[in-house]
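Notes for the structure review
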Amino acid sequence: DKAYENKEWIFGYRENDPMGGYDPYSASKGCAELVTSCYRNSYFQHTDKLLASARAGNVIGGGDWAADRLVPDIFRAAGSGKNAIIRNPDATRPWQHVLEPLSGYLLLGQHLLQGNASVADAWNFGPNTEATKTVLTLSESISKSWEKVKFDVAENQSSLHEANLLKLDCSKAEHFLKWKPVWNFEQTILHTTNWYKDYYEINSNNLTNRSLS
């Protein structure tokens, strides 16, 4: 979702909306999409090579330990008995479990391997509109799913630019690929929380299967 030129509007971004980014992170994603489109149009138009790109919403799920990411930070804090610090509580994102876009990627890849040239394009894979929630709502939902999760809202908000509202329109994938997300927001939170909860409370080598049960 960061690949699009953010206009802070309530509409979901479609695949043909302008690429861009106010901050370097967003600009790098927009650049990657432009380069992909350039190669597809310049070199792959009259060959049997098919090239597509996939753009996902804000992905969460068990096993993510990346630094400076909201959900891993929340659970790392809970695991060490500390309160997480929420930097931008009013920022709104399209939250989805990692398995959702992965299913879209695999479906897209299947079409490419089968030689379906019509899918050699850009595709959005994101959640339903109801899963577009604020950071505060996400944090509160996680805390309700695991009592050890505590958080505080930062008193001094960051002066760095950050998009306030991000949202994807995935109707193209739903129509042409027959793909759609399976879990709602509550299920996404539950399965994500279960994984981290089990990691800290249960000595198990089968965390992913346990979290999905």
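About the criteria used
Residues numbered from 1 in each chain as written. Predicted model: local features only at pLDDT ≥ 70, side-chain atom pairs only at ≥ 80, totals over all residues. Heavy atoms only, no water. Helix = DSSP H or I, 4+ residues; strand = E, 2+ residues; numbered from the N terminus. Pairing = 2+ DSSP bridges. Axes fitted to C-alpha atoms, helices over the stretch in contact; angles between N-to-C directions. Contact = heavy atoms within 4.5 Å. Salt bridge = Lys/Arg side-chain N within 4 Å of Asp/Glu carboxyl O. Buried < 20%, exposed > 50% of the residue type's maximum accessible area, 1.4 Å probe, protein only. Phe/Tyr/Trp six-rings, centres within 6.5 Å; stacked < 30°, edge-to-face > 60°. Lys, Arg positive; Asp, Glu negative; His and termini not counted.

Next up on the list: unusual backbone geometry. A positive phi is found at glutamate 8, a non-glycine position, where the angle reads about 55°. With respect to the helices and strands, glutamate 8 occurs in the segment before α1 (24–43). Backbone geometry at aspartate 68 places phi at a positive 60°, although glycine is not the residue there. Among the secondary structure elements, aspartate 68 is positioned in the loop between β2 (58–60) and α2 (70–79).

Now for the sheet that holds β2. Spatially, the three strands line up as an open sheet ordered β2-β4-β6, and their pairing is mixed. Bordering the open sheet on either side are β2 and β6 (132–134), each of which pairs with just one other strand. Across the sheet, the mean angle from the axis of one strand to that of its neighbour is 50°, orientation sign disregarded. Bridge analysis of strand β4 (residues 92–97) against β6 gives three bridges, and the strand direction is antiparallel. Directly across from threonine 92, in β6, lies its bridge partner threonine 134. Strands in contact with helix α3 (residues 99–113) are β2 and β4; relative to β4, the strand with the most contacts, it is inclined by about 70°. Along the sheet face, helix α6 (residues 185–201) touches β2, β4 and β6 and points at about 65° away from the line of β4.

With that out of the way, let us pick up the pattern of salt bridges. Here the structure, examined in full by the defined rule, presents seven salt bridges. Here glutamate 5 and lysine 7 are joined by a salt bridge, their closest N and O atoms 3.4 Å apart. Judged by relative accessible area, which is 34%, glutamate 5 ranks as partly exposed. Residue lysine 7 is classed as partly exposed on the basis of its relative accessible area of 37%.

Right, let's get into the packing of aromatic side chains. One pass over the structure, following the stated rule, counts 16 aromatic pairs. Each ring, one from tryptophan 65 and one from tyrosine 200, has its centre 6.2 Å from the other, and the planes form 85°; the classification is edge-to-face. In this pair, tryptophan 65 sits in the loop between β2 and α2 while tyrosine 200 sits in helix α6, placing the two residues 135 residues apart along the sequence. Since its relative accessible area comes to 32%, tryptophan 65 is described here as partly exposed.

Looking at where glutamate 100 falls in the secondary structure, it is placed in helix α3. Of the side chains bearing the opposite charge, lysine 180 lies closest to the buried glutamate 100, which forms no salt bridge; the N-O distance is 10 Å. Ignoring sequence-local partners within four residues, the contact set of glutamate 100 consists of Trp179, Pro181, Val182 and Trp183.

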